[in-house]
Amino acid sequence: YVALLYLGGATIYTRYEMTYPQLDVGGALALFFVAVLALKIVRKKKKYKGFLCLLATIGLWTILQYIKYGEGVIYFQLLWDVFAGYIICVAYKEEVFYYYEHCLTKLCLISIVLWFASWILPFVPVLLKEISPNWIYALEESNILIFGLQPASFHDALLFRRNCGFAWEPGRFGCFIVLGLIFNLARTHFSFNNKNFMILLMALLTTQSTTGFAALGVIALYYLYNVKRKYFVPSLIAFVALSAVVASLPFMSEKMSTLWISKSHNEEFEKKVTYWTDVEKETIVPQRFDGLLWEFYNIKQDPLLGYGKDPARSYTGNYFNNRLVLYNGDLKVFAILGLFFGSLYFIMIFWGSKYISAYFGTKGPVFAALLFIAVNVSYPFQFEPLFLAMYFM
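The structure presented is a predicted model; accordingly, all values stated were derived computationally and were not measured.

Criteria and cut-off values
- Residues numbered from 1 in each chain as written.
- Predicted model: local features only at pLDDT ≥ 70, side-chain atom pairs only at ≥ 80, totals over all residues.
- Heavy atoms only, no water.
- Helix = DSSP H or I, 4+ residues; strand = E, 2+ residues; numbered from the N terminus.
- Buried < 20%, exposed > 50% of the residue type's maximum accessible area, 1.4 Å probe, protein only.
- Phe/Tyr/Trp six-rings, centres within 6.5 Å; stacked < 30°, edge-to-face > 60°.
- Salt bridge = Lys/Arg side-chain N within 4 Å of Asp/Glu carboxyl O.

A few words on the overall build of the protein. Each helix and strand counted, the protein has 17 helices and 2 strands in total. Across the 393 residues of the protein, 49% fall into the buried class.

Written out as structure tokens, the structure reads:
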């Protein structure tokens, strides 16, 4: 439950990022992991061989980083994340899948009730805003740690405010929910007729998250592959064809060309970032297409070892004075670790996905990994301890 709240990062006290660790966060998490470590000792579960191999790999990467960059390449936050993920793994083992779904469902139920109340009772959003502390993120109108609302002004075309749940942004909340859905379906052998599934699905709808809705396509293919195998290939072909048709529509092709391919757009983007970083001294989080392009520049700068965990060494860190924040988690793996070590990371992800499939007895060992990759398109979850624990299995 605590790990989920830190994953959501709805407040500055539950903000948990490798690049910008906060002392109060580290202290709070330390208490949690000491308790988990005590549980591990009680259960006397030992599984060191693979973990030592992983540490040796990180050590090799660190040595190579030191040879290239010199001092300041030992990233204690990375080691902390890996150790934390390992502690969760050995202490809870497969129970972590059930606890994830269980706690997530309870938090989703709370968010549904409060979100529904917020648009049928006008005083509720006002009350939530009044009792919210002053250390919430700018993307939220209110937040009480386990529930938040995004301002209606953020999306004028939407009828209702988006449900942030226990996260700092509704899209991030949606990513957690789709992962809970795949664990629920695997656990219930693809039965939609269960309370948890309906709560999770309803909560996902209230987020109005494009990333979450897109990830539902992976879950649908997972369901078809296991339950309606004869429909899987036709559905996959139809999905690819539909995606190609949508991408070729005038408004989509124009959007892609202006957001990514167009030289004039890139020049305009650079001017905007330069203004906000140099004049306003603000950081900028670009749209997905822009973020992908600049993350490619980071990979191109050092494809072998990556820039490590110091953003100042990245291409964008130098070019934009370290004020451009990129959120694509899939490409960021290669930008940080380089192509070789980044590939090892994704091999670990697929091994973990294979284990999850075998544990639940489902077909298609790659679907959990595909879903994790899908949610990482918009948010960098790659080094979060709770997710690392699932793939350390």
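Glancing now at the packing of aromatic side chains. Overall, the coordinates contain 40 aromatic pairs when judged by the stated rule. Between Phe-192 and Tyr-223, the aromatic rings sit 4.9 Å apart at their centres with planes inclined by 40°, giving tilted as the arrangement. Of this pair, Phe-192 sits in the loop between α7 (170–187) and α8 (195–207) while Tyr-223 sits in helix α9 (residues 210–227); the two residues are 31 residues apart in sequence, bridging distant segments of the chain. Phe-192 sits in the partly exposed class, given a relative accessible area of 36%. A relative accessible area of 19% means that Tyr-223 is categorised as buried.

Under the definition given, this model contains 5 salt bridges. Note that Lys-68 is salt-bridged to Asp-302, the shortest N-O span being 2.5 Å. A residue pair is termed long-range when its members are at least 10 positions apart, and Lys-68 in helix α3 (residues 49–69) and Asp-302 in the loop between α13 (288–301) and α14 (315–319) qualify at 234 residues. With a shortest N-O distance of 2.7 Å, Arg-187 and Glu-101 are connected by a salt bridge. Here the residue Arg-187 occupies a position in helix α7, and Glu-101 occupies one in helix α5 (residues 95–120), the gap between them amounting to 86 residues. Relative accessible area serves as the criterion here: at 33%, Arg-187 is assigned to the partly exposed category.

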